[in-house]
Amino acid sequence: MALMTGKQYRDSLNDGREVYIDGEKVKNVADHPAFKPIVDVKARMYDLNHEEKYADKVKTVLPDGEEICRGYKTPETKEDLAAIRTYVETVLDDLGGVVYRVGDETIGEMWSLYDAQDKLNEIDPAYARNIKYHVDRVAREDLFHVSANTDPKGDRSKLFSGKDGGTLLHVVEENDKGIVVKGAKFETAAAYAHQAFVKPTILDWEAGQEAMAPFACGFICDMGSPGLKHICRSSLGAGKNPEDYPVSTKFEEIDTLLIFDNVLIPWENVLFHRSLQSAAYIRSTLHRYSAFNYTLRVLRRADYLLGAALLNVEQTGLTKLQAVKEKIAQLITYREGINAHLTAAVANAERSPGGLMMPNQSLLYTGRIFALTNFPAMAHLTRELVGGQLAVTPDTTTMSDPAIIDYIDRYYSVGEWSAEDRGKLLYFARDLLNSSYAGHKVTFELFAQSPPFAQYMAAYSSFDAEPMRDLVRKAANLNPKTSLTV
Ligand SMILES: Cc1cc2nc3c(=O)[nH]c(=O)nc-3n(C[C@H](O)[C@H](O)[C@H](O)COP(=O)(O)OP(=O)(O)OC[C@H]3O[C@@H](n4cnc5c(N)ncnc54)[C@H](O)[C@@H]3O)c2cc1C
């Protein structure tokens, strides 16, 4: 096996997968207008792994000399974590925009399960072997790996029972080839990925009922498997002029409702099955690694906010105003707050239970919350700084109409800024803040890794609060017996 090229990636998608969008069945995902831009982005990511100028940043070698993508190397040292950050930043620099679900941001979910090999061994040694094999395989075969956690839930009282045995994804049959599963998942990028790690998302496995066993399964699913149907939402960039919508026409990542209509999962792809303990474990450790890559994306989004705000206020001389400088400083504080969490999470990285190196969990999870909860306010501040022209500026074709171009020049050019460049900056800011794509991203960021309540739970569970209890016990001279935690 070797690092894939962009062409090999494009060709690999033509595998007979069943994809539906805008009322049509897609013949070839790589050529379809809704998917082509993001497939091109991922193809570019594959190609840049072959460019000499990026060699030390985007790839590495396994002990046996096999070259793999840097983002797919299990982190064993702090340097590995720092190299993952460099990899993500190098890729985003080259692409000139932010993409989330392009492989590296989801692969860490497999590393979380890899950490539980001892537990899996107790359940069935085959499961421990399988996760080890898949962590290795995804790197060696350079596969585009995504994540399937969330089931469309419907009536919560029928999650585990009712017609068809419940609405959550579950095993309907076991045979000598593997397990047969039925259900559905929401999954960004599924239609143009190679495989997904499918697992349950609900929190409460503690109830431990036998009736829950068929739902407690985790597996690797090939995205071209027979019986798998990709039902996709419409593109928010397709058909738009790239000059007017420079972000959405290039970086739109399509979400899919993935239907598993009696899909056979071969035994070698089954990572756990009928194991409530494994389902509970993966739920609580899911983003141990992947939150790092996710938050790196929000950091880059913060950079774009800051850049867009600065260029807009500088061109009209508004930075002379103290109040405007203060607002820019708020954006800088936000940006540097995310940066500080990520930097410290690597500097204070922790050995994982499975022997890997994980970013400091408390700093990572609180950093993710800091980045995501403040993003809407920072976007709003940027919107305010860019001003109303963000919403009222005519599109490129109108701006360049010879009949009115003199007016455009007169009212849009300022100092060294031509009307054309001011327009470009406003279109960029619109796609960052105001377009349908920008609106979609707000919801994506709110939910795509996990909903806010789950993110707060991760922060709560990963923080060691004992020193604080102890401080107060001592300072208030408490009787240790009355201050025991429950
Ligand atoms: C754009 C987008 C892309 C996505 N991509 C993916 C993907 O690639 N892979 C994937 O697996 N999923 C993906 N998701 C799904 C996402 O993970 C879920 O939307 C998210 O986990 C919330 O689940 P839900 O939508 O079923 O909402 P629900 O679980 O129905 O929750 C809705 C709301 O109810 C409240 N609530 C529910 N339960 C609790 C609780 N226990 N405690 C407190 N409050 C609660 C919260 O306010 C919560 O936000 C994506 C979602 C979006 C919007």
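What counts and how
- Residues numbered from 1 in each chain as written.
- Predicted model: local features only at pLDDT ≥ 70, side-chain atom pairs only at ≥ 80, totals over all residues.
- Helix = DSSP H or I, 4+ residues; strand = E, 2+ residues; numbered from the N terminus.
- Rg over C-alpha atoms; globule rule 2.2 N^0.38 Å.
- Buried ≥ 20, exposed ≤ 12 C-beta atoms within 10 Å, placed from the backbone.
- Contact = placed C-beta atoms within 7 Å.
- Near = placed C-beta within 6 Å.
- Nonpolar A, V, L, I, M, F, W, Y, C, P; charged D, E, K, R; others polar.
- Domains from an automatic or database assignment.
- Pairing = 2+ DSSP bridges.
- Axes fitted to C-alpha atoms, helices over the stretch in contact; angles between N-to-C directions.
- UniProt positions renumbered as here; feature names shortened; annotations may be inferred.
- Parallel < 35°, antiparallel > 145°, perpendicular 65-115°, else oblique.
- Left-handed = near helix turned anticlockwise from the far one by under 90°.
- Core = buried A, V, L, I, M, F, W, Y, C linked by C-beta atoms within 7 Å.

Peer 1: For the overall build of the protein, give the residues involved together with the corresponding values.
Peer 2: Along the protein, the regular secondary structure elements total 19 helices and 14 strands. Scaling as 2.2 N^0.38, a compact globule of 486 residues should have a C-alpha radius of gyration of about 23 Å, and the protein matches this with 24 Å. In terms of overall dimensions, the protein has C-alpha extents of about 75 × 70 × 50 Å along its principal axes. Taken across its 486 residues, the protein has 44% of its residues classed as buried. Taking the contacts inside the protein whose residues are at least 6 apart along the sequence as the reference set, 75% of them involve residues at least 24 apart.

Peer 1: Would you mind going over the site of the ligand in detail, with residue names and values included?
Peer 2: Taken together, 19 residues lie near the ligand, and Asn-149, Thr-150, Thr-188, Phe-447 and Phe-453 sit nearest. Among the elements that take part in the shell around the ligand, strand 7 (residues 178–188) stands out by supplying four residues, more than any other. Its residues assigned to classes, the shell around the ligand comprises eight nonpolar, six polar and five charged. Per-domain counts for the shell around the ligand show at least three residues from each of domain 1 (6–285) and domain 2 (290–463).

Peer 1: How would you summarise the sheet that holds strand 9 (residues 218–222) if you had to cite specific residues and measurements?
Peer 2: Consider a sheet: its strands pair through backbone hydrogen bonds, and that pairing is either parallel or antiparallel. The four strands are arranged 5-8-9-12 in an open sheet whose pairing can be described as mixed. Edge positions in the sheet fall to strand 5 (145–148) and strand 12 (270–272), since each of these pairs with one other strand and no more. Adjacent strand axes in the sheet meet at a mean angle of 25° when their direction is disregarded. Pairing of strand 5 with strand 8 (residues 195–198), which is carried by four bridges, proceeds in the parallel orientation. The residue bridging Ala-148 from the neighbouring strand is Val-198, located in strand 8. Its contacts with the sheet put helix 5 (residues 104–114) on strand 5, strand 8 and strand 12, and the angle it makes with strand 5 is roughly 70°. In the packing of helix 7 (residues 125–140) onto the sheet, the strands contacted are strand 5, strand 9 and strand 12, and the crossing angle to strand 12 comes to about 125°.

Peer 1: Please provide a residue-by-residue account of the UniProt feature "domain: HpaB/PvcC/4-BUDH C-terminal" (unreviewed entry) in the protein, values included.
Peer 2: This chain's UniProt record puts "domain: HpaB/PvcC/4-BUDH C-terminal" (unreviewed entry) on residues 281–476. Counting secondary structure, residues 281–476 comes out at 75% helix and 2% strand; the distance between its end C-alpha atoms is 37 Å.

Peer 1: I'd like to hear about the environment of Thr-86, residue by residue, with values.
Peer 2: Its place among the elements puts Thr-86 in helix 4 (residues 78–95). Given 14 C-beta atoms within a 10 Å radius, Thr-86 is considered partly exposed.

Peer 1: Tell me what's going on with the pairing of strand 1 (residues 18–21), and back it up with residues and numbers.
Peer 2: Where burial is concerned, the two faces of strand 1 differ: the one with Val-19 and Ile-21 is buried and the one with Glu-18 and Tyr-20 is not. Sheet topology places strand 1 next to strand 10 (residues 228–232); three bridges connect them, and they run parallel. Within the sheet, the bridge partner assigned to Tyr-20 lies in strand 10 and is Ile-231. Two strands pair when backbone bridges link them, and strand 1 and strand 2 (residues 24–25) are joined in this way by two bridges, in the antiparallel orientation.

Peer 1: Give a description of the packing of helix 10 (residues 290–315) against helix 11 (residues 322–347) that names residues and reports values.
Peer 2: Contact geometry of helix 10 with helix 11 gives a least axis separation of 10 Å together with a crossing angle of 160°. In terms of orientation, helix 10 and helix 11 fall into the roughly antiparallel class. For the pair helix 10 and helix 11, the sense of crossing is left-handed. For the pair helix 10 and helix 11, the contacting residues are Phe-292, Thr-295, Leu-296, Val-298, Leu-299, Ala-302, Asp-303, Leu-305, Leu-306, Ala-309, Leu-310 and Val-313 in the first and Val-324, Ile-328, Leu-331, Ile-332, Tyr-334, Arg-335, Ile-338, Asn-339, Leu-342 and Ala-345 in the second. Looking at the contact of helix 10 with helix 11, its residues break down into 18 nonpolar, two polar and two charged.

Peer 1: Lay out the domain arrangement of the protein with the relevant residues and their values.
Peer 2: Annotation of the protein at the domain level lists domain 1 (6–285) and domain 2 (290–463). Taking only C-alpha atoms, the centre of domain 1 and the centre of domain 2 are 26 Å apart. Each partner contributes residues to the interface: domain 1 has 36 residues there, and domain 2 has 29 residues. Listing elements by their share of the side of domain 1 that touches domain 2, those giving two or more residues are helix 4 and helix 5. Counting residues per element, the side of domain 1 that touches domain 2 draws most heavily on helix 4, at eight residues. Split by residue class, the side of domain 1 that touches domain 2 holds 15 nonpolar, 10 polar and 11 charged.

Peer 1: Pulling in residues and values, what's your account of the environment of Ser-436?
Peer 2: With respect to the helices, strands and loops of the structure, Ser-436 is situated in helix 17 (residues 436–447). Taking the number of C-beta atoms within 10 Å as the measure of exposure, Ser-436 has 15 and is therefore partly exposed. Sequence spacing of Ser-436 and Asp-31 is 405 residues, and the spatial spacing of their C-alpha atoms is 23 Å.

Peer 1: Outline the sheet that holds strand 1, listing residues and values.
Peer 2: Spatially, six strands are ordered 2-1-10-11-7-6 in an open sheet, and the strand pairing comes out mixed. What marks the edges here is a single partner per strand, and that holds for strand 2 and strand 6 (170–174).

Peer 1: I'd love a proper account of the nonpolar core, names of residues and values included.
Peer 2: With 127 residues, the main nonpolar core has Val-29, Tyr-192, Ala-196 and Ala-429 as its most contacted residues. Among the elements that line this core, the one with the most residues is helix 10, at 11 residues. A domain split of this core shows at least three residues from each of domain 1 (6–285) and domain 2 (290–463). Setting aside residues up to four positions removed in sequence, Val-29 forms contacts with Leu-13, Val-19, Phe-35, Val-39, Ala-191 and Tyr-192.

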